[in-house]
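# Residue-level structural notes
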Amino acid sequence: MEALLCKRLGDPTSSFESPIELSRNHPIPKLDSPTAVRVKVKATSLNYGTYLQIQGKYQEKHSLPFIPGSDYAGIVDAVGPSVSKFKVGDYVCAFVPVGSYATFIVQDQSQLFEVPKGCDLVAAAGLPIAFVTSHLTLVHRANLTSSQACPPFSYLLLVLLVLGAAGGVGLAAVQIGKICGAVVIAVARGAEKVQLLKSLGVDHVVDLMNQNVTASVKEFLKSRNLKGVDVLYDPVGGNLAKETMKLLNWGAQILVIGFASGEIPIIPTNIILVKNWTVHGFYWGSYIIHQPAVLEDSVRKLFSWMEKGLITVHVSHTYSLSEANLAFSAIKDRKAMGKVMIVFDDKGNASSKL
Ligand SMILES: NC(=O)c1ccc[n+]([C@@H]2O[C@H](COP(=O)([O-])OP(=O)(O)OC[C@H]3O[C@@H](n4cnc5c(N)ncnc54)[C@H](OP(=O)(O)O)[C@@H]3O)[C@@H](O)[C@H]2O)c1
């Protein structure tokens, strides 16, 4: 089978001594327990975390060589004798620490999620990490609910500010924020991203290419008679996080998702105290260990929203496994709008929806 191997740590976009290598005759993994399931991978995500992992900058380290890739969707190819949840031909998706950049992957049946009939497998492959991260932080941790949608009473409206809003987790967060009835402010760079965010019904978009974030958000809040921001969704960190914290209300919540800027911001605890802020750290990988049922409920809820057309997994770029270096470049060069996907068998740009 085909598999992408990370043989040493380094920048996967580099054409000189690339750390990644495509193996075309990697052994197909065998079922390793009675409840094991082998899946033929149809598509797998290019997550920012995977880009960091190959550079050795991620919180979890894996011994070399390893096959990267942490979420995917595909078709059940073989099942162990005690498998009760799935049969050959079923559509499934899953999280995995590493290993999905390959034609086949083996996981226990308890780690797989059923993909509803009729759902595009490329979209399903883009859902686990990006959408579950945004859903669990906004709904499970920050307690956003659709009951917050009370348009006549603007003092009840909750203001959500999403940084990196056109990226993988950001685009999921703005859609989930709208479902929960929040006033959603999105921050992104460039006209194309702004246009995409507006098409999703975002209330206000700040274009970092030509606007000052605090001035633009303040002006918008004033125009809507709103005081400040109640929830900050932050996958970027750095100066942008520091600046936007000045916009937070008393009692606000900060969702610490990631540090795409490369800089980890410091939040002074005296300010957290005085302003009664709540800071939520979130990592999907540890939910698999500590609260797998919460993760499962989230995947089910998200697929039900997909089926109703409430959320869309927007895929801006698709590549084959042999083009993985280009896929990593799309992330590095901040070209991704929604998800960058690696697709097996066929390829072509797509905006996927149930
Ligand atoms: N905590 C968790 O469980 C979890 C789960 C998934 C992802 N994450 C983290 O969340 C972050 C975003 O992930 P993602 O998959 O959404 O990535 P992505 O699709 O590449 O989006 C990142 C966004 O960050 C913005 N950005 C600002 N400065 C940047 C820089 N110097 N380099 C690259 N991007 C920059 C970009 O927006 P503009 O170009 O529009 O400014 C970009 O759209 C990563 O740090 C990732 O590790 C965490």
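What you see is a predicted model; the values in this text were computed from it and never measured. (Residues numbered from 1 in each chain as written. Predicted model: local features only at pLDDT ≥ 70, side-chain atom pairs only at ≥ 80, totals over all residues. Heavy atoms only, no water.)

## Some details on the overall build of the chain
Test applied: Only DSSP runs of H or I reaching four residues or more are called helices, and only runs of E reaching two or more are called strands; each is numbered from the N terminus. Under the scheme applied here, a residue whose accessible area is under 20% of the maximum for its type counts as buried, over 50% as exposed, and between as partly exposed, the area being computed with a 1.4 Å probe on protein chains only. In what follows, residue pairs with any heavy atoms lying within 4.5 Å of each other are defined as contacts. The method behind every accessible area is Shrake-Rupley, applied with a 1.4 Å probe, and residues are considered shielded solely by the protein chains displayed.
Looking only at helices and strands, the chain has eleven helices and 15 strands in total. Each principal axis of the C-alpha atoms in the chain carries an extent, and together these give about 60 × 45 × 40 Å. Taken over 354 residues, the chain has a buried fraction of 56%. Considering only contacts in the chain between residues 6 or more positions apart, those separated by 24 or more positions represent 69%. On the chain, roughly 15600 Å² of surface is accessible, and the fraction owed to carbon and sulfur atoms is 54%.

## Notes on the packing of aromatic side chains
Filter applied, for reference: Aromatic contacts are taken between Phe, Tyr and Trp rings whose centres are within 6.5 Å, Trp giving its six-membered ring; a plane angle under 30 degrees counts as stacked, one over 60 as edge-to-face, and the others as tilted. Put simply, a charge is over a ring when the Lys NZ or the Arg CZ is close to the ring centre, within 6 Å, and near the line of the ring normal, within 35 degrees.
Per the counting criterion, the structure on display carries seven aromatic pairs. With a centroid separation of 6.3 Å and 75 degrees between ring planes, the pair formed by Y58 and Y283 is classed as edge-to-face. Of this pair, Y58 sits in the loop between α1 (48-54) and β4 (71-79) while Y283 sits in the loop between β13 (278-281) and α9 (284-290), and the two are 225 residues apart along the sequence. Classification of Y58 by relative accessible area gives buried; the value is 12%. For the ring pair F95 and W284, a centre distance of 5.3 Å and an interplane angle of 25 degrees mean the geometry is stacked. With a gap of 189 residues between them, F95 in strand β5 (residues 91-95) and W284 in helix α9 connect regions that are remote in the sequence. In this structure W284 comes out as buried when scored by relative accessible area, which is 9%. Among the aromatic side chains, those forming a connected cluster through ring pairs are Y58, F95, F113, Y283 and W284. Its guanidinium or amino end placed over the ring of F104, R38 lies 5.7 Å from that ring's centre, counting from NZ or CZ.

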